[in-house]
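Letter by letter, the chains look like this.
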Amino acid sequence: MFEEIKQISNDSIINDQLRQAMIKQMEKGYQEMGELNLQMTNEWYSVENEAEAINDKIVKGEW
């Protein structure tokens, strides 16, 4: 069994396939992180805009 594992780990085709699978998984992870960052940024700007609107109403005495 150990010899079979050594042979597989020395097989360049399998190493290339594993490398490609890892790269695809990383691409997917980075894409998901980018989507989460965009969502958090949009939510942050929404909260910031709402806070600014409330502040303006307080300054104008409308609140």
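See the structure printed just above.
Just so it is clear, the structure is predicted and the values come from calculations on it, not from any experiment.

What counts and what doesn't
- Residues numbered from 1 in each chain as written.
- Predicted model: local features only at pLDDT ≥ 70, side-chain atom pairs only at ≥ 80, totals over all residues.
- Heavy atoms only, no water.
- Helix = DSSP H or I, 4+ residues; strand = E, 2+ residues; numbered from the N terminus.
- Buried < 20%, exposed > 50% of the residue type's maximum accessible area, 1.4 Å probe, protein only.
- Areas by Shrake-Rupley, 256 points an atom, 1.4 Å probe, with all protein chains shown as cover.
- Salt bridge = Lys/Arg side-chain N within 4 Å of Asp/Glu carboxyl O.
- Patch = residues over 30% accessible without salt bridge, like charges linked within 9 Å, V, L, I, M, F, W, Y side chains within 5 Å.
- Lys, Arg positive; Asp, Glu negative; His and termini not counted.
- Charge placed at Lys NZ, Arg CZ, Asp CG, Glu CD.
- Expected span 1.5 Å × (residues − 1).

I would appreciate a short explanation of the overall build of the protein in the present structure.
Check the secondary structure of the protein and you find 2 helices and 0 strands. In the protein, which comprises 63 residues, the share counted as buried stands at 0%. When the accessible surface of the protein is totalled, it reaches about 6100 Å², and 57% of it is carbon and sulfur.

So what exactly am I meant to see when it comes to the pattern of salt bridges here?
A side chain with one charge can pair with a side chain of the opposite charge if their charged atoms come near. Inspection of every chain in the model, using the stated rule, returns 1 salt bridge. The residue Asp 16 makes a salt bridge to Arg 19 at a minimum N-O spacing of 2.5 Å. A residue pair is termed a helical-turn pair when its members lie 3 or 4 positions apart in one helix, as Asp 16 and Arg 19 do in helix 2 (residues 12-60) at 3 residues.

Just checking my understanding: could you explain a nonpolar patch on the surface for this structure?
A cluster of nonpolar side chains, Met 22, Met 26, Tyr 30 and Met 33, forms an exposed patch at the surface whose accessible area comes to about 450 Å². According to the relative accessible area criterion, Tyr 30 is exposed, its value standing at 55%.

I would appreciate a short explanation of a negative patch on the surface in the present structure.
A grouping of Glu 48, Glu 52, Asp 56 and Glu 62 is seen on the molecular surface, where their side chains present a negatively charged patch. Its place among the elements puts Glu 62 in the segment after helix 2. Residue class for Glu 62 comes out exposed when judged on its relative accessible area of 55%.

Even after reading the chapter, I still don't get helix 2, so can you show me in this structure?
In an α-helix, one turn spans 3.6 residues, which is why side chains three or four residues apart end up on the same side. Compared with an ideal rise of 1.5 Å per residue, which puts 49 residues at 72 Å, helix 2 spans 71 Å between its outermost C-alpha atoms and is within 8% of the ideal. A positive phi of about 80° marks Gly 61, the residue just after helix 2.

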